[in-house]
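Architecture at a glance
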Amino acid sequence: MSKFYRQIKKVPVVLAITGIVIILSGFAVKWSSYNDLLSREKPEFINLNYEFARTTENLSSQELLNLKFKQLTLNTAKPKYGNHVDWHKITLTNTDSNATSLTIKFDNPMIDQLKVYAYRANINSYQLVKSLGDQVDNVNIEDRVSPKYSISLRSLESQSIVVASATHGSPKLPIIILTENEHQKYRQLELLIWGTFIGVSLLMAAYNLVLYQGVRDLTYLAYIGYVMTILVNLGVVHGYGFYLFLEPVQRYFHDNIIPLNALLALMTILFAINFLRFNRSHLLIHRQYTILSYSLLGFFVIALFLPEYLTVPVFGLLQLALYIVAYKMVTYNIKERFSWSKYYVISWLPLFVGAGVGFLLYTGYMAYNFWTRYAFLFSAIFEMTLISMALAERLGNTESQRLYQATHESKFGFANDGLLHKTIKNLQTDRRKSPLSLITVEITNYNTIAPYLTEQQLSTMIFGLANYIVNQLNKTLPVIEIDPGNLNNNSIALSRGDLLSILITTENRDLIGDALERLSDLENFNPVQGSIPYRIHCIFGAAILNPDETNLLDLINQAKQAITQAKEKDVSFFIYSPESNLISERRVKLALDLANAIRNDELELYHQPQLFSQSTHITPSELLIRWNHPLYGFISPDEFVTVAEETGLINHLTSWVINRAAKHAKALITFGMYDFHFAINISAHDLSKEGFCQDINDIFRQHNLLANQFTLELTETTHSIDIETFNKNLFDLNELGFNLAIDDFGTGYSSLTYVSEHPFKEIKIDKQFIHDFLDSDKHQAIVKATITMAKNLDLNVTAEGIEDTATLSILRDLGCDKLQGYIIAKPMPFKDYLKWRSPNFTNDAKVGENLTLNFEANAK
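A few words on the overall build of the protein. Tallying secondary structure elements over the protein gives 31 helices and 23 strands in all. Across the 860 residues that make up the protein, the buried fraction comes to 54%. Carbon and sulfur atoms make up 54% of the accessible area of the protein, which amounts to about 39,200 Å² in all.

Okay, structure coming up:
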């Protein structure tokens, strides 16, 4: 993919700059003649007298003789929206000694009706000589694109014409008088500008479509929509749309220019939110974006049925709102984003300038000339150039981010196992004879203290600990840099929040043992005891690389196994040896057998009934997975779920549980038991999988089940997750109607900050606080405080692990919403759960069992 990035990321810049070069080249070829042409409104040898009048209705040719005009300078009449007719009286006198042919160009192809009346002295009246306008039939395409009227004057001859213009759109009618030769040059220049703009726009759209196919980023689809709406809008404003579309289509666009502008505003904000990578975790900005987007979409639909002069003021307000929201987006964390979004930020400048000039021109507050007429089109070209550069920068930044994410853990920015493996591989390639060992450090009570620390405190603690350990090891062992670009600590790799790895260049087991023994003698590893008064406990593991026998990945795995073996042996450190590999063999076998058990449907889903403290018709239960291994017997869920997480099987395991839960729910409905509510455990790994939300929704929709019949309990067991995907799935699940809960609250990563920043509706107090609830004043205080806090945050509370009626009664009185434990019921197979729920199954167990088995067989 990186090769793909390198090949294409400069393409849009080349396209846009090429367009600008073509236009500038066109000017440069005959600059002197163009400069003279574009700087005046009429030839020097023509005397011009311009008068203006406005009436509420059309006049006959005879009535024009009595119309009172006001003397003005050409193109200075103030435009006015509404139902009226503007009358422009133009008297031209040829002061040259030669006859001349002139073209009077009416530079607004959006005017609905243009009627040209010529004065006939022989009849002393005005005569209609030409009908133009967007809503007039039988007009040739050139007059639609560029409305004009030709006139011939002999030497010293004068002629007068009156032009009547009426429109529901922009009433401004710029007028320019050219000789035939000048008009040809003017048209050549216009066609050069239009052709270049159209070509670059279409190529840009095609390029971004190819880019979207390559990277599947909605930003590029939004940009295609943005470019195409600009192309259509300017096609109406400048008239070149008649070259691109069938006449009925272009006239329809003209009639709906304000809705088209609303669509352009919608594409602008849609591109902005995707380009700047905002998502629903940015609550305030995302809410403002949503409101504005729906407002623009609603206005777009309504404006299709209203006259233009009524929609202009409303659109003005929406455009102001667009600029305000866009300003907030652009300036949000601008220091962090500026490195890759600077060109996008700057691109708003030409857009503002062009839009402002266009507004002032068509409201009569700025003089008309070629440059003001084409200000917005030029600004669009410059903006496209800058956005193209911004897309290239963003593409490079995306590549860098993906590479960084692939080699670093997301929470603290340390190197991960991927970068650690790459470093080991490079060291073995560059220095084959150098000895190499890996030391691992696990913070054993990380999950206990982490919930009570802020993000800043946790970061301070981890970085302080990492620096302390590296400094201590450096006294006797040569530590190797793993991540040279990391300014905080370049010698640490982090496998998860609580497991650090350090590379050293020695294979001396005694030296390593002495260093780890000195480290393990420390009772408290907290380097910031003064500010964070918690004791930190660590255990250590190490593995020595044997280049002739050990696979490079094995070194990392063996160092982690050494940690596990230290725990098993209840020692403070352990150095891996092949003779102590029995535990790892069990884990490998469990991983292989678990994959087969999932595939062959050899697992079982138990139900543990729950009880609402307040009376309700709903009968809830938590779904718990069980595995009876053919060799090892009953395997604890803690063990095989950990194996699933470490080996990448967790998504398959969760998918099995969700599918089986759907079948159980369907079975209950078949038996007429509609009052169920299932709690299903999911992990952070599941939420870090793209499409997880869609997958779970598809399963329940397939069985016609409602999302609000299920609670998804999140157990945060790791910090090495894709934060963006995690948050997106979590918010999407909430929008679909699933009840989201934090499991084992108070023991893992479930901090108050974490709960408040995510759409959880329930917390589940861990059973370790409930088991000795009656005998522990500390645990009683924690549970009471947790329930009070939850109620203040409008969260429901579930307590698990209740084993006696006294605890049950107290928790109910404290306001605990849902209760779970052996005092209510133990976990049980589904067929036993059916009997527990309904006495009808007690008398005839086989009926219930057979119905269940038959249903599940059919569901498969």
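Next comes the rest of the account.
Turning next to the nonpolar core. Counting 77 residues, the largest nonpolar core has Phe197, Tyr223, Met329, Tyr344 and Leu377 as the members making the most contacts within it. Every element with two or more residues in this core is listed here: strand S9 (175–179), helix H5 (180–215), helix H6 (218–238), helix H9 (257–275), helix H10 (283–303), helix H11 (308–331), helix H12 (334–362) and helix H14 (375–407). The leading source of residues in this core is H9, at 13 residues. One finds Ile699, Ala707, Leu808 and Leu819 within the second-largest nonpolar core, a separate group that totals 74 residues.

Moving on, we get to the sheet that holds strand S6 (residues 125–132). Read from one edge of the open sheet, six strands run S2-S1-S3-S8-S5-S6, paired in antiparallel fashion. Unpaired on one side and paired on the other, strand S2 (70–72) and S6 mark the two borders of the sheet. The sheet shows a mean angle of 25 degrees between the axes of neighbouring strands, taken without regard to direction. As paired elements, strand S1 (residues 46–55) and strand S3 (residues 85–94) share 10 bridges and run antiparallel to each other. Counted as the bridge partner of Phe52 is His88 from S3.

According to the stated counting rule, one finds 10 cavities of 30 Å³ or more in the structure shown. Space inside the largest cavity adds up to approximately 90 Å³. Lining the largest cavity are 14 residues, and of these Ala77, His88, Pro171, Lys172 and Leu173 lie nearest its centre. When contributions to the lining of the largest cavity are tallied by element, the ones reaching two or more residues are S1 and S3. In terms of residues, the lining of the largest cavity owes the most to one element, S1, which gives three residues. Of the residues contributing to the lining of the largest cavity, the split by class is seven nonpolar, three polar and four charged.

With seven of seven residues buried, strand S10 (residues 437–443) lies mostly within the body of the structure. Neither face of S10 is open: one carries Ser437, Ile439, Val441 and Ile443, the other Leu438, Thr440 and Glu442, and all of them are buried. Alignment of S10 against strand S13 (residues 538–544), held across seven bridges, turns out to be antiparallel. Following the sheet pairing, Ile443 is matched in S13 by Cys538.

For the rest of this paragraph, the subject is the sheet that holds strand S7 (residues 148–153). Ordered in space as S7-S4-S9, the three strands form an open sheet in which the pairing is antiparallel. At either end of the open sheet lies a strand with only one pairing partner, and these are S7 and S9. Going across the sheet, the axis of each strand differs from the next one's by a mean of 25 degrees, ignoring polarity. Bridge analysis of strand S4 (residues 100–106) against S9 gives five bridges, and the strand direction is antiparallel.

Tracing the sequence through the fold places Asp732 in helix H25 (residues 723–736). The buried category is assigned to Asp732, whose relative accessible area is 13%. Setting aside residues up to four positions removed in sequence, Asp732 forms contacts with Arg280 and Cys693.

A few words on the confidence of the model for the protein. Detailed conclusions should not be drawn from predicted coordinates in areas where pLDDT is low. For the protein, per-residue confidence averages 83 on the pLDDT scale, and 88% of positions sit at 70 or higher. Taken together, the stretch residues 1–7 has pLDDT below 50 and engages in 13 contacts with residues farther than four places along the chain or on a different chain. Below pLDDT 50 for its whole length, residues 842–860 participates in 21 contacts with residues either more than four positions away or in separate chains.

Here we come to H10. The end-to-end C-alpha distance of H10 is 30 Å, a good match for the 30 Å that 21 residues give at a rise of 1.5 Å each. Within H10, the full set of buried residues consists of Ile285, His286, Gln288, Tyr289, Leu292, Ser293, Leu296, Phe299 and Ala303. End-on, the buried residues of H10 take up no more than an arc of 160 degrees, which puts them together on one face. Turned more than 90 degrees from where H10 packs its buried face, Ile291, Tyr294 and Ile302 sit exposed. Of the surrounding secondary structure, the elements contacted by the buried residues of H10 are H9 and H11.

This part takes up helix H27 (residues 777–792). Residues spaced three or four apart along an α-helix point in a common direction, a consequence of the helix completing one turn every 3.6 residues. Counted at 1.5 Å a residue, the expected span for H27 with its 16 residues is 22 Å, and the 23 Å between its end C-alpha atoms agrees. Among the residues of H27, those classed as buried are His779, Gln780, Val783, Thr786, Ile787, Met789 and Ala790. One or two steps after H27, the chain reaches Asp794, where phi turns positive at roughly 60 degrees.

As a further point, take a nonpolar patch on the surface. Where nonpolar side chains cluster on the molecular surface, the patch consists of Ile141, Leu191, Tyr243 and Leu244 and spans about 320 Å² of accessible area. The residue Ile141 is located in helix H4 (residues 141–145) in this model.

Another aspect to go through is the packing of aromatic side chains. This structure, assessed with the given rule, holds 30 aromatic pairs. By the ring-pair criterion, three or more aromatic residues cluster together here, those being Tyr223, Tyr226, Phe271, Phe275, Tyr323, Tyr344, Trp348 and Phe352. The aromatic ring of Tyr606 is capped on one face by Arg626, whose charged end is 5.7 Å from the ring centroid.

How each quantity is defined
- Residues numbered from 1 in each chain as written.
- Predicted model: local features only at pLDDT ≥ 70, side-chain atom pairs only at ≥ 80, totals over all residues.
- Heavy atoms only, no water.
- Helix = DSSP H or I, 4+ residues; strand = E, 2+ residues; numbered from the N terminus.
- Buried < 20%, exposed > 50% of the residue type's maximum accessible area, 1.4 Å probe, protein only.
- Areas by Shrake-Rupley, 256 points an atom, 1.4 Å probe, with all protein chains shown as cover.
- Core = buried A, V, L, I, M, F, W, Y, C linked by side-chain atoms within 4.5 Å.
- Pairing = 2+ DSSP bridges.
- Axes fitted to C-alpha atoms, helices over the stretch in contact; angles between N-to-C directions.
- 1 Å grid on protein atoms, 1.4 Å probe; cavity = no way out; pocket = protein on both sides within 12 Å on 5 of 7 lines; lining within 4 Å.
- Points joined across faces, edges and corners; volume = space filled by probe spheres on them.
- Nonpolar A, V, L, I, M, F, W, Y, C, P; charged D, E, K, R; others polar.
- Contact = heavy atoms within 4.5 Å.
- pLDDT = per-residue confidence, 0-100.
- Expected span 1.5 Å × (residues − 1).
- Arc of directions from axis to C-beta.
- Patch = residues over 30% accessible without salt bridge, like charges linked within 9 Å, V, L, I, M, F, W, Y side chains within 5 Å.
- Salt bridge = Lys/Arg side-chain N within 4 Å of Asp/Glu carboxyl O.
- Phe/Tyr/Trp six-rings, centres within 6.5 Å; stacked < 30°, edge-to-face > 60°.
- Lys NZ or Arg CZ within 6 Å of the ring centre and 35° of its normal.

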